[in-house]
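# Structure assessment
Below, each chain spelled out in residue letters.
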Amino acid sequence: MSLERPNTELFVAGRIVSARLTFTMSNSSDTPPDLSHKLRSLPSVDRVLAEPALSPALEQWPRSQVVDAVRAELDSARALLGNGAAAAFAPADIAESARHALNGQLQPSLRRVINATGVVIHTNLGRAPVSEAAAQAMSEAAAGYSNLEYDLDAGERGSRANHLESLLQSLTGAEAAVAVNNNAAALYFVMAGLCAGREVLVSRGQAVEIGGGFRIPDVLRDAGATLVEVGTTNRTRASDYAAVMHRDTAAILRVHSSNFRIVGFTEEPSLAELRKVADRNTRGLPTLLIDDVGSGCLLDSRQFGLAYEPRPQDSIEGGADLVLFSGDKLLGGPQAGLIIGRQAAVNRLRSHPLMRVLRLDKAAIAGLSATLQHYLLGEAVDTVPIWRMIAAEPEQLRERAGQWCSAVGAGEIEPSDSAIGGGSLPAETRPTFVWTLDTPHPSDAARQLRERAVPIIARVEHDRVILDPRTVLPGEDAEVIAALQQLLGNNA
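These figures come from a predicted structure and were not determined experimentally.

### Quick word on the overall build of the protein
The secondary structure content of the protein amounts to 20 helices and 20 strands. In summary, the protein has a C-alpha radius of gyration of 29 Å against a globular reference of 23 Å for 492 residues, an excess of more than 25%. If you line up the protein on its principal axes, its C-alpha atoms span 85 × 60 × 50 Å. Going through the 492 residues of the protein one by one, you find that 46% of them count as buried. In the protein, the share of contacts with a sequence separation of at least 24, taken over all contacts with a separation of at least 6, comes to 74%. Counting every atom, the protein has about 23,800 Å² of accessible surface; 50% of that belongs to carbon and sulfur.

What follows is the structure, encoded as structure tokens:
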């Protein structure tokens, strides 16, 4: 028997071939068609190039690339025929497929999406959106020349580190600062630059794995340092560190728990206690106290009803020699790893060969500088999107979700929770109100939202599609409403 499937889209070797096909479904007694005859029926490259559908492509693209696209579609058609498909591959179908393939190459792989999941710092969606001022600064730095490594006053070569250091000094009280391309790099850099060949003490409860399989023991080993675990998973005391200190102890490392929390029967020493332990080690080179606080939270998270999140400035005040943190989590800027602390330790890092390998580019420096200025001016809650989202009150979000509901004439408004996410404030949430839709096929509805020109990423829970306005930027509401109207029209 045969099954007619007009205009079927077939994925062959990663390509799409649109054709009017007739699939022949046969048992073992059927005689297979003459493959040679079918292959000879395929149009030539020149015949396909003559199709009107390819005229715009021949004007836009070099002819050689259009020819390659046509040949690739013909190869895909041959593969289909070789797999038993009985088909009439018209020149117009091949031309249309080649045109789609060429246009697809012009579509950026990295695209803007609307985050309606309610996860504020969404690792898979690019973490923190930057402020308008930061985005403008990044664009201006990338579009032209800048004084990245040029001292305008002296008229000679300068240092890119200078653009961020004074801001970080003012905000955290640190003596010095350098920046690298992410916080994982910052930790590796410090271990390789200051602790290689020596021991680093880490509480067993902090020898963690974070996203992407990034494990603290692996980092230390690959950087040339020797991990010495102290204490137990849930309880570690200052005396546990003191008991194993000796002349080869390079550092005490405290690591942020990132995306998990140990609760119940727990204990861990304060930075001040660890500072005393490090200072008592006089049997060799100085022992550094290094604090990886992870999220880069410069504000007091408790003012938003959240648990306390370690702040870099608190770690400096507590006696840490070096503090490491991210630029693109709760700091709310572009991806970066910031290292602040004592002048002597930072100077050693500046002269290390890895500094050039891991340094930030001009756009990231510009965006980070603009972000830090928001904090310096006391305007971060209003201007940094991450904090604006966190600070949004439930009633504000109920109103926005209600506007969506009224505009589309469907859905329900329900209370829910927004997660902070992104390896910051583990398990912490903020109350919110969400737009929900009961539908027999919620996964299909979520897929339709993702397939838009500007994809909308929703949650699917309990057979419902859920959109949380907390993480939808204010200027994106109209796009969300248009998408929901189309979704409901398609599924009416």
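### Points about unusual backbone geometry
Positive phi is not limited to glycine here, since R127 has a value of about 60 degrees. With respect to the helices and strands, the residue R127 is situated in the loop between strand 4 (114–115) and helix 6 (132–143). With relative accessibility at 26%, the residue R127 sits in the partly exposed group. Non-glycine residue D463 carries a positive phi angle of around 60 degrees. Inspection of the secondary structure assignment puts D463 in the loop between strand 19 (459–461) and strand 20 (464–467). For D463, a relative accessible area of 58% puts it in the exposed group.

### Here's the deal with the sheet that holds strand 8 (residues 199–203)
Within a sheet, neighbouring strands are paired by backbone hydrogen bonds and run either parallel or antiparallel to one another. A sheet is described by the order of its strands in space; here seven strands give the open sequence 7-15-14-13-12-8-11, paired in mixed fashion. With partners counted over all chains shown, the strands left at the sheet margins are strand 7 (176–180) and strand 11 (226–230), one partner each. Neighbour to neighbour, the strand axes of the sheet diverge by 25 degrees on average, direction disregarded. Inspection of the sheet shows strand 8 paired to strand 12 (residues 249–255) by three bridges, in the parallel sense. By the bridge assignment, L201 is partnered in strand 12 with I252. Strands strand 7, strand 14 (322–326) and strand 15 (337–341) of the sheet are contacted by helix 7 (residues 162–172), whose axis makes an angle of about 120 degrees with strand 7.

### Some details on the pairing of strand 12
Judged by how many residues are buried, strand 12 sits mostly within the fold: seven of seven residues are covered. Where strand 12 meets strand 13 (residues 288–294), five bridges bridge the pair, whose relative direction is parallel. Directly across from A251, in strand 13, lies its bridge partner L288.

Basis of the calculations
Every chain is numbered independently, its residues counted from 1 as its sequence is written. Side-chain atom pairs in this predicted model are given and counted only at pLDDT of 80 or more, local residue features only at pLDDT of at least 70, and totals for whole chains, interfaces and linings cover all residues. Note that the side-chain values use all heavy atoms of the structure and ignore hydrogens as well as water. In DSSP terms, a helix is any run of H or I states spanning at least four residues, a strand is any run of E spanning at least two, and both are numbered starting from the N terminus. The globule rule is 2.2 Å times the number of residues to the power 0.38, and the radius of gyration it is compared with is taken over C-alpha atoms. Relative accessibility thresholds used throughout: buried, under 20% of the residue-type maximum; exposed, over 50%; partly exposed, between the two (1.4 Å probe, protein chains only). Pairs of residues are marked as contacts when any of their non-hydrogen atoms sit within 4.5 Å. Note on areas: Shrake-Rupley with a 1.4 Å probe; residue coverage comes only from the protein chains shown. Paired strands, as defined in this entry, are two strands with at least two bridges between them according to DSSP. To get an axis, fit a line to the C-alpha atoms, keeping to the stretch in contact for a helix; angles then go from 0 to 180 degrees between the N-to-C directions.

Everything listed here is a matter of coordinates, which is why it stays silent on function.
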